[in-house]
Amino acid sequence: MQRTMIEHEARHLLAMANEIILSRPESAAVLSEWRENVFALLSDISRRSIIDEAELDRLSLEMRTIWMQIAHDHTGHHLKSPLVDETVILPLGQTHNLQYERLFMPRALERRCKSYRPQIRGWASSHLLFRSGMAAISSIVQNIQAFFFSHGQREIMVDFFGGYFETQRVFDLHGSSLLTFRRHAAGSDLYDAVAQGDGDVLFFEPVSYDWDMEVVDLDILIASIGKRRRALDMIVVDTTIVGDRFPMQKFLSALPRDAAPIIAHISSGLKLDQEGLELANVGIVSLYCRQVDPIANTAEKFFRQLSGHRKVNGTGLSTYEAAALDVPWFLNINRFSEHCRAVFENNIRLAHALVPTIQSNDGIFERVSHPGLSSSAHLSWAVAPFVAIHFKERFDHEDTHQRVLAILLENAAIDGINFLGGGMSFGFRGHRFEIIMPEKILHPNGKSKGLLKIAMGRRKGPMADAVIHLVNSLALLKAEDWVS
């Protein structure tokens, strides 16, 4: 079984390299030695240990380095303010005129979005790429303000359901007497606020990126939208942590006809879209509107404004970032879905393994958070690329946190596990952990609550098994073992 998993990962890496070579034949030379090393691992049937899986980690990062050099070779010689009529040629052959890098528009990559986020019957769609997910969110917020204020509209209220701390910071930054943000900590509060109809924009995460990870019930949300006396100006959905699982077609089809003139779909394309290799930060925005006037005209004007905004504030991709993202598997819906599936399966497996251990053992942990453990687990978007483990309050302090980190790192080193601390992210090929201290989550005593976040990657096999065993063993330690 372990050999099968290691072989599967090796063949997957080879397939990724072969896609590069097929799309860019001259890459064969620089990938030849790398491919020989992968074939050598494949041909030795005795290689099935954690050490051999660690070699796959090294090989995946080596392939990344080779590709990043290819991207640099295509763009590194261009000045940011080039001579007249310079042309950028991306690695897969698409050409772009380059007048000034801040004005660069990655049209070739944006065209891929037409198959990545397919056309939905009755709806027109347009797609834009930004320099990061946060750049996309910030641009949406800034342009909501400029677009609707230009029509003399009164104060705009944004109803927000979600928990990602950087999104909240963007809202704090842009909040004013003319644009206010109202965060709803519970889904029930959101549904009530939407139904009452005093908000103008709805912004939600299908699974709240906080540490309880509540799942939005779309049926209730859509019913709440249907109760409003006036239409929303815009609906924004951030699907970064649920990957391909949000049912956009179902959502759009079920919306009341006059729900909102524009629906924006935002996600970070760094996390789950790049096979865990993090080639470049990128934010993906898709705008949907019904294919009727004057709604389509409103959406088209907003799209043009949003697109042009990138040129002004530098939130578009650089030529190097576009070249790094010009791999065949980026914005490929099949590869994206397969990567999401593997990551989500590993994380729910960890969550299910930990629940009985924590519930039956008097240790340092109080509970596990994951949407797949909730009453909404039956919903297709009740997924997450990480697991949050809550400390009991009496153990939630710096000494315990440091001991937990030390135990995980020491045991991972002894067993040869590439279980890496830090990273502040998820969706990798391997597995990571960190202690986080969210500012918005407090104990009754007013101190920040600490959490152990485990982000299982896509690989199954001996390393995933060892990580789950290690974290479970940590949860098995008795409370008295932690008292100095």
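This one's a predicted model, so the numbers in the text were calculated from it and none came from an experiment. (Residues numbered from 1 in each chain as written. Predicted model: local features only at pLDDT ≥ 70, side-chain atom pairs only at ≥ 80, totals over all residues. Heavy atoms only, no water.)

**With respect to the nonpolar core**
Consideration 1: Within the largest apolar cluster, 123 residues are counted, with the highest numbers of intra-cluster contacts made by Trp 34, Ile 140, Phe 204, Leu 221, Ile 235, Phe 251 and Leu 255.
Consideration 2: Per element, the largest residue contribution to this core is 9 residues, and it comes from helix H5 (residues 133–149).
Consideration 3: What Phe 251 contacts, discounting residues up to four positions off in sequence, is Phe 204, Leu 218, Ile 222, Ile 235, Val 237 and Phe 246.
Consideration 4: Formed by 34 residues, the second largest nonpolar core is a distinct cluster that contains Ala 54, Leu 408, Leu 452 and Ile 454. (Core = buried A, V, L, I, M, F, W, Y, C linked by side-chain atoms within 4.5 Å. Buried < 20%, exposed > 50% of the residue type's maximum accessible area, 1.4 Å probe, protein only. Helix = DSSP H or I, 4+ residues; strand = E, 2+ residues; numbered from the N terminus. Contact = heavy atoms within 4.5 Å.)

**A word on helix H8 (residues 218–226)**
Consideration 1: Along H8, the positions that sit buried rather than exposed are Leu 218, Leu 221, Ile 222, Ser 224 and Ile 225. The arc that holds the buried residues of H8, viewed along the axis, is 155°, so those residues lie on one side.
Consideration 2: Buried positions along H8 lie against helix H7 (187–196), strand S6 (201–204), strand S7 (234–238) and helix H9 (248–254).
Consideration 3: Sitting at the amino-terminal end of H8 is Asp 217, which places a side-chain oxygen 3.0 Å from the backbone nitrogen of Asp 219. (Arc of directions from axis to C-beta. Polar contact = N/O pair within 3.5 Å; in protein donor to acceptor, adjacent residues only side chain to side chain.)

**Brief notes about the sheet that holds strand S10 (residues 365–369)**
Consideration 1: Spatial strand order, S10-S11-S14-S13-S12: 5 strands in an open sheet with mixed pairing. The open sheet has two edge strands, S10 and strand S12 (419–421), and neither has a second partner. Strand-to-strand twist of the sheet, defined as the mean angle between neighbouring strand axes without regard to direction, takes the value 20°.
Consideration 2: Two strands pair when backbone bridges link them, and S10 and strand S11 (residues 387–391) are joined in this way by 4 bridges, in the antiparallel orientation. Note on S11: the bridge partner recorded for Arg 367 is His 390.
Consideration 3: Packing of helix H12 (residues 333–360) onto the sheet brings it into contact with S10, S11, strand S13 (431–436) and strand S14 (451–455), and relative to S10 it is tilted by some 150°.
Consideration 4: Of the strands in this sheet, S11, S12, S13 and S14 touch helix H13 (residues 398–415), which is tilted by about 165° from S13. (Pairing = 2+ DSSP bridges. Axes fitted to C-alpha atoms, helices over the stretch in contact; angles between N-to-C directions.)

**Side note on the sheet that holds S7**
Consideration 1: A sheet is described by the order of its strands in space; here 7 strands give the open sequence S3-S9-S8-S7-S6-S4-S5, paired in mixed fashion. Edge positions in the sheet fall to strand S3 (123–130) and strand S5 (179–183), since each of these pairs with one other strand and no more. Along the sheet, successive strands turn relative to each other by an average axial angle of 20°, direction set aside.
Consideration 2: Lying on the sheet, helix H6 (residues 165–174) is in contact with strand S4 (156–161), S5 and S6; it crosses S5 at an angle near 150°.

**A short note on the packing of aromatic side chains**
Consideration 1: Throughout the structure, instances matching the rule amount to 17 aromatic pairs.
Consideration 2: The interplanar angle of 85° and the centroid separation of 4.9 Å between the aromatic rings of Phe 160 and Phe 171 together place this pair among those described as edge-to-face. In this pair, Phe 160 is assigned in strand S4 and Phe 171 in helix H6, connecting sequence segments 11 residues apart.
Consideration 3: Among the residues examined, Phe 171 registers a relative accessible area of 2% and is labelled buried.
Consideration 4: Between Trp 211 and Phe 386 the ring centres are 5.6 Å apart and the planes differ by 55°, which places this aromatic pair in the tilted class. You can see Trp 211 sitting in the loop between S6 and H8 and its partner Phe 386 sitting in the loop between S10 and S11, a full 175 residues away along the chain. Take Trp 211 and Phe 386: they sit in the same class, and that class is buried.
Consideration 5: An aromatic cluster of three or more residues is present, and its members are Tyr 164, Phe 165, Tyr 209, Trp 211, Phe 386 and Phe 426.
Consideration 6: Between the NZ or CZ atom of Lys 271 and the centre of the ring of Phe 426, over which it lies, the distance is 5.5 Å.
Consideration 7: Across from the ring centre of Phe 428, 3.7 Å away, lies the NZ or CZ of Arg 432, which sits over that ring. (Phe/Tyr/Trp six-rings, centres within 6.5 Å; stacked < 30°, edge-to-face > 60°. Lys NZ or Arg CZ within 6 Å of the ring centre and 35° of its normal.)

**Structural notes on the environment of Thr 319**
Consideration 1: Within the secondary structure, Thr 319 sits in helix H11 (residues 319–324).
Consideration 2: The class for Thr 319 is buried, based on a relative accessible area of 2%.
Consideration 3: Measuring from C-alpha to C-alpha, the distance between Thr 319 and His 74 comes to 8.9 Å, with 245 residues separating the pair along the chain.
Consideration 4: For Thr 319, the residues in contact, after removing those within four places along its chain, are Thr 75, Val 88, Leu 90, Leu 98, Glu 101 and Phe 104.
Consideration 5: One polar contact links Thr 319 to Glu 101, side chain to side chain, over a distance of 2.6 Å.

**A closer look at the side chain of Arg 290**
Consideration 1: In this structure, Arg 290 sits in strand S9 (residues 283–290).
Consideration 2: Buried within the structure, Arg 290 lacks any salt-bridge partner; its nearest side chain of opposite charge belongs to Asp 258, at an N-O separation of 7.6 Å.
Consideration 3: From its side chain, Arg 290 meets the backbone oxygen of Leu 255 in a polar contact 3.2 Å long.
Consideration 4: A distance of 3.4 Å separates the side chain of Arg 290 from the backbone oxygen of Pro 256, its partner in a polar contact. (Lys, Arg positive; Asp, Glu negative; His and termini not counted. Salt bridge = Lys/Arg side-chain N within 4 Å of Asp/Glu carboxyl O.)

**Quick notes on unusual backbone geometry**
Consideration 1: You will see that Glu 275, though not glycine, has its phi angle at about 55°, which is positive.
Consideration 2: Mapping Glu 275 onto the fold places it in the loop between strand S8 (263–268) and S9.
Consideration 3: Phi at Glu 278 is positive, roughly 45°, even though this residue is not glycine.
Consideration 4: Locating Glu 278 in the fold gives a position in the loop between S8 and S9.

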